Amino acid sequence: MVKNLNFIPIGVAVKSVVILGGGLAGLAAAAALAVRGFRVCIFESRNRLGGRASSFTDPVTGQLIDACQHVTMGCCTNFAHFCATTGVAHLLAPQPTLWFMTPDRRVSPFSADRLPAPFHFARSLLRAHYLTLGDKIRIGWGMLALLRTDANDDQPLLLWLKRNRQNQRTIERFWSVVLVSALNETIDRLGLKYARKVFLDGFLRHRRGFEVFLPTVPLARLYGEEMQSWFTEHGVTIETGTAATALEIAGNEVRGVKMRDGRVVKADWYIAALPYQRLLGLLDEATINAHPCFSRLLNFETSPITSVHLWLDRAVLDRPHLVLVDCLGQWIFNRGQSADGSYYLQVVISASHHLKGLEHQEIREKIVRELSQLFPALTAATVLRAKVVTEHAATFSALPGIDRWRPTQEAPLGNLLLAGDWTNTGWPATMEGAVRSGYLTVEAILRRSGSVEQIVQPNL
Ligand SMILES: Cc1cc2nc3c(=O)[nH]c(=O)nc-3n(C[C@H](O)[C@H](O)[C@H](O)COP(=O)(O)OP(=O)(O)OC[C@H]3O[C@@H](n4cnc5c(N)ncnc54)[C@H](O)[C@@H]3O)c2cc1C
């Protein structure tokens, strides 16, 4: 994957673009630029592509293990477009039914039926065993109220829910179950805007908006070798293990990027597709202070995600996944049999602030205890291995009014664009948001070069 490129000549007919960061935002920008004839080079500091959506190598089996399971939904139209463009869409498996389980081991399926949107979920909601009829009426009321709110109203969500007849049970057993996983933040910290978006785009607008897709290969392979041939065919150069250390700025322009190995790489355009904390690290204080779009990033807050990986000596789960209600774990993913014959489960806990300070051993024990109650077969099983992974700054928190701190992709420097799930995409921190940001940077480059093209895909 590493190909040396010390210098990209300026001023040739084909415009050159240096992309810093090989996460989804950088890769999507590269794909959109490559098909439009730009000469693209991606510099990624790690040895793998995919950024936060990536994997590590299991030292026991040598297999790639996703640091955390990633799922996408039918409403993520730009992510779907990016995967189709780069030829990996067939590696995402649709899950037409979601399974909701409570501690008493009862399970309710959730799927769309033939009724038109927004009534396609009415039957699933009515048969949800963990909600009373009164809860369901309250939820219906809340949904109608949501449809009537302004798309940019970002008042504190919890106050809005209480004002709209939601009680403790509907908040905990319905709104939280969906939103904590979708937005990676607790209900008391969220704003209304992105909560509304999750329900509108995912559940109310289109019958297929909610459909969950699970990658059938590890993320590092999906965004690595599976995409590699497409990028090679389209002339994109990718250097992994190459970190940028500073943007060299003169006047109102970036003149080059200083790399950790001492090189300075130059291009016509620069896309910083980095986590915002890393971008700030590449800028000098004077530049940060001179431009509010950079200094405002200091207002962001982040939220952690914890995943518990368990390898068992036998299968205990016969469904591909489960959404847990009233449990510590929120989703369980059944990852099947590993190369060493063990059965691999992954349990995900989003917005895991409450686990801070606990030892990995304690988290693991809590989860194994919980799973033993849910699946009696587990009490007879042996946990062969376990690993707890916490991504402390997994995503930015969609706090009320967050968009006032999110910059557009058009940085105030003439030839610099900003990409990343944290830029203003109209989406929360997701793979879809990251891909959108990449596409938006390419629209901005074209606009600054005098042509207008819409690359961002329409909603479902
Ligand atoms: C645990 C976890 C679970 C998640 N689950 C989901 C999910 O189920 N569904 C979903 O849609 N989203 C999920 N997300 C969010 C999703 O992963 C992110 O929104 C998305 O991957 C962000 O992509 P990005 O390109 O904006 O940023 P990143 O993925 O952070 O990419 C930035 C890249 O820049 C590189 N970099 C950093 N510094 C330098 C440097 N100096 N020089 C060169 N390169 C550098 C980094 O190594 C990284 O590869 C999850 C995130 C986490 C952490």
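Notes on the structure follow. This is a predicted model, so every value here is computed, not measured. (Residues numbered from 1 in each chain as written. Predicted model: local features only at pLDDT ≥ 70, side-chain atom pairs only at ≥ 80, totals over all residues. Heavy atoms only, no water.)

### Overview of the site of the ligand
At step 1: If you check the shell around the ligand, you find 32 residues, and the closest are Glu44, Arg52, His70, Val71 and Asp421.
At step 2: Here an oxygen atom of the ligand sits 3.2 Å away from a polar atom, N or O, in the main chain of Leu24.
At step 3: Between the ligand and Thr430, the relevant distance is 3.2 Å, taken from an oxygen atom to a main-chain nitrogen or oxygen of the residue.
At step 4: Contact with the protein chains hides 93% of the accessible area of the ligand, taken as 1,000 Å² for the molecule alone.
At step 5: Taken together, the elements giving at least two residues each to the shell around the ligand come down to α1 (24-34), β19 (383-396) and α15 (431-448). (Near = heavy atom within 4 Å. Polar contact = N/O pair within 3.5 Å; in protein donor to acceptor, adjacent residues only side chain to side chain. Areas by Shrake-Rupley, 256 points an atom, 1.4 Å probe, with all protein chains shown as cover. Helix = DSSP H or I, 4+ residues; strand = E, 2+ residues; numbered from the N terminus.)

### Some points on a nonpolar patch on the surface
At step 1: A cluster of nonpolar residues, Leu126, Leu133 and Ile137, forms a patch on the protein surface that exposes about 340 Å² of accessible area.
At step 2: On the basis of relative accessibility, which here comes to 58%, the residue Leu133 falls in the exposed class. (Patch = residues over 30% accessible without salt bridge, like charges linked within 9 Å, V, L, I, M, F, W, Y side chains within 5 Å. Salt bridge = Lys/Arg side-chain N within 4 Å of Asp/Glu carboxyl O. Buried < 20%, exposed > 50% of the residue type's maximum accessible area, 1.4 Å probe, protein only.)

### A word on α1
At step 1: Where burial is concerned, most of α1 is hidden: 11 out of the 11 residues are buried.
At step 2: Within the sequence span of α1, burial applies to Leu24, Ala25, Gly26, Leu27, Ala28, Ala29, Ala30, Ala31, Ala32, Leu33 and Ala34.
At step 3: Looking at the buried residues of α1, the elements they touch are β1 (16-20), β2 (39-43), α2 (77-85), α9 (225-233), β14 (269-272) and α15. (Contact = heavy atoms within 4.5 Å.)

### Topic: the pattern of salt bridges
At step 1: Within the structure shown, the criterion is met by 22 salt bridges.
At step 2: Notably, a salt bridge pairs Arg169 with Asp135, separated by 3.0 Å at the nearest N-O pair. Taken as a pair, Arg169 in helix α6 (residues 168-183) and Asp135 in helix α4 (residues 133-148) lie far apart in primary sequence, 34 residues in all.
At step 3: Notably, a salt bridge pairs Glu410 with Arg448, separated by 3.1 Å at the nearest N-O pair.

### What about α6?
At step 1: An ideal rise of 1.5 Å per residue puts 22 Å on 16 residues; α6 reaches only 20 Å between its terminal C-alpha atoms.
At step 2: A maximum bend of about 50° is found in α6 at Ser176.
At step 3: Within the sequence span of α6, burial applies to Thr170, Ile171, Arg173, Phe174, Trp175, Ser176, Val177, Val178, Leu179, Val180 and Leu183.
At step 4: Of the residues trailing α6, Asn184 is marked for its positive phi of about 50°. (Expected span 1.5 Å × (residues − 1). Bend = angle between axes of the 7 residues up to and from the residue.)

### Overview of the packing of α2 against α15
At step 1: One way to put it is that α2 packs onto α15 with a least axis distance of 7 Å and a crossing angle of 70°. As far as their axial angle goes, α15 and α2 are roughly perpendicular. Here Thr77, Asn78, Phe79, His81, Phe82 and Thr85 of α2 lie close against α15, whose contacting residues are Met431, Glu432, Val435, Arg436 and Tyr439. (Axes fitted to C-alpha atoms, helices over the stretch in contact; angles between N-to-C directions. Parallel < 35°, antiparallel > 145°, perpendicular 65-115°, else oblique.)

### Brief notes about the sheet that holds strand β12 (residues 253-259)
At step 1: Spatial ordering of the open sheet is given by β11-β12-β13, a layout of 3 strands whose pairing is antiparallel. Edge strands, defined here as strands with exactly one partner in the open sheet, are β11 (244-250) and β13 (264-265).
At step 2: The sheet contact formed by β12 and β13 spans 2 bridges and is antiparallel. Residue pairing for β13: Val257 is matched across the bridge by Val265. (Pairing = 2+ DSSP bridges.)

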